[in-house]
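Close look at the chain arrangement
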Amino acid sequence: MRLEKKVIAITGATSGIGKGIARMLAKEGASVVLAGRNGEMGALLESELKKKGADCCFIAADVQKVEDCRALIDKTVKKYGKIDGLVNDAGIFPCIPFEEVTEEMYDRVMDTNIKGAYFCTQQAVSYMKEQGYGSIVNIGSTHWQTGGSGLSAYGVSKGGLHTLTEHIAHHYAPYGIRCNWVTVGWVMSEGELARLLDLGMTEEEIAAQAKKEIPTGSFQTAEDIAYACVYLLSDESRQVLGTDINVTGGFRSVGRIG
Ligand SMILES: NC(=O)c1ccc[n+]([C@@H]2O[C@H](COP(=O)([O-])OP(=O)(O)OC[C@H]3O[C@@H](n4cnc5c(N)ncnc54)[C@H](OP(=O)(O)O)[C@@H]3O)[C@@H](O)[C@H]2O)c1
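Counting of residues starts from 1 at the beginning of each chain's written sequence and follows it residue by residue. Where totals are concerned, whole chains, interfaces and linings use all residues; where local detail is concerned, this predicted model gives features only for residues with pLDDT of at least 70, and gives and counts side-chain atom pairs only at 80 or more. Excluding hydrogens and water, the side-chain figures rest on all heavy atoms present in the structure.

1. Quick look at the domain arrangement of the protein chain
Once the domains are mapped, the protein chain shows domain 1 (7-185 + 223-241) and domain 2 (188-219). Segment limits for the domains were obtained from an automatic or database-derived domain assignment. On a C-alpha basis, the centroid separation for the pair domain 1 and domain 2 is 24 Å. Roughly 500 Å² of surface becomes buried between domain 1 and domain 2 when both sides are summed, with 60% attributable to carbon and sulfur atoms. Sorting the residues of domain 1 by area buried against domain 2 places Gly 16, Phe 93 and Cys 95 first, and these three jointly supply 64% of that buried surface. Any carboxyl oxygen of Asp or Glu within 4 Å of a side-chain nitrogen of Lys or Arg constitutes a salt bridge here. Viewed at the interface, domain 2 and domain 1 are joined by one salt bridge. Note that Glu 190 and Lys 19 form a salt bridge whose closest N and O atoms lie 3.1 Å from each other. Nitrogen and oxygen atoms within 3.5 Å of one another constitute a polar contact, given that in protein one can donate a hydrogen and the other can accept it, and given that sequence-neighbouring residues count only through two side-chain atoms. For the pair domain 1 and domain 2, the interface holds two residue pairs in polar contact (both at pLDDT 80 or more). Gly is put with the polar residues, along with every residue not named as nonpolar or charged; the nonpolar set is Ala, Val, Leu, Ile, Met, Phe, Trp, Tyr, Cys and Pro, and the charged set is Asp, Glu, Lys and Arg. For the side of domain 1 that touches domain 2, the class distribution of residues is four nonpolar, two polar and one charged. Defined in terms of a 1.4 Å probe, buried area is the accessible area two parts forfeit on being brought together, summed over both.

2. Considerations on the side chain of Gln 220
Only DSSP runs of H or I with at least four residues qualify as helices, and only runs of E with at least two residues qualify as strands; both kinds are numbered from the N terminus onward. Its location among the elements puts Gln 220 in the loop between helix H7 (203-213) and helix H8 (222-233). Residue Gln 220 is classed as buried on the basis of its relative accessible area of 6%. Engagement of the side chain of Gln 220 in a polar contact is seen with the backbone nitrogen of Gly 185, the distance being 3.4 Å. Here the side chain of Gln 220 touches Trp 186 through a polar contact of 2.6 Å, landing on its backbone nitrogen. The contact criterion used is simple: two residues touch if any of their non-hydrogen atoms lie within 4.5 Å. In this structure Gln 220 touches Gly 185, Trp 186, Val 187, Met 188, Ile 214, Ile 225, Val 247, Thr 248 and Gly 249, once residues within four positions along its chain are discounted. A 1.4 Å probe rolled over the protein chains alone gives each residue an accessible area, and that area as a share of the maximum for its type sets the label: buried under 20%, exposed over 50%, partly exposed in between.

3. Re the pattern of salt bridges
Enumeration over the complete set of coordinates arrives at ten salt bridges. Here Glu 46 ties to Lys 50 by a salt bridge, and the two come within 2.7 Å at their closest N and O atoms. Linking Glu 46 with Lys 50, this pair stays in helix H2 (residues 39-51), spanning four residues, or about one helical turn. Between Glu 48 and Lys 52 there is a salt bridge whose closest N-O contact spans 3.4 Å. One salt-bridge network, in which partners are shared between bridges, spans Arg 23, Glu 48 and Lys 52.

Structure, rendered in structure tokens:
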């Protein structure tokens, strides 16, 4: 129960890594606000967690819309009276060569991956400042520095998220607000599996690629990422800010498929 009495909102809770993080936050005693667009998946997770005794609720939010970002945080505070933590997990990673990226796709990636996190953070910080406490965790990627081939827009968006992490960490520490980044290596989430199958890879080819590219020889799981988040959201990490916890199995994006 490392997160007992904490109220934590998480975007991207309806699938993959976010779903895994949400489950662990609930297991560790937090009251969890689950956000995403997919109401069906959100309701399913809410009822699964409630059956296990968790305090949680699903709030539909499209993080591409600034009003949804603000409403998500406002509703969290309205329901629970405070917000101790925010996990910015929502993200998309369409795979298209740099020279073929359209304005529409670029905007969609930026609006989801960086604008959404930016405005959820802005709203959360306004409450956290008053509370004198808050922990924000941004879900990062190895691609923030160079972007894998076909993942240039994605890489640029994660670069922005990295800068946001540093900005909040440096400027909001005096208000008791911490912001950190978790680098995800390679997790076979619902979204990642769909992306690779779409590229024409078979599940056997994907497994073989992972064995070759990940030094530990295996994918990370959503739970591996969640352990890092629990630490960063708990008081155990009260002196930790602006850090990067690499949960990558030693994986680096250079040479990565896609
Ligand atoms: N899988 C990996 O190997 C890997 C590696 C590095 C980093 N990451 C990062 O990990 C995070 C989660 O990815 P994943 O692999 O778990 O992918 P996923 O299975 O596709 O899940 C993506 C989540 O983002 C949410 N989302 C997407 N667009 C949204 C929007 N406009 N508004 C609100 N929510 C939105 C989705 O919810 P709805 O569809 O309900 O809106 C879903 O819950 C992303 O930030 C990704 O960049 C993943």
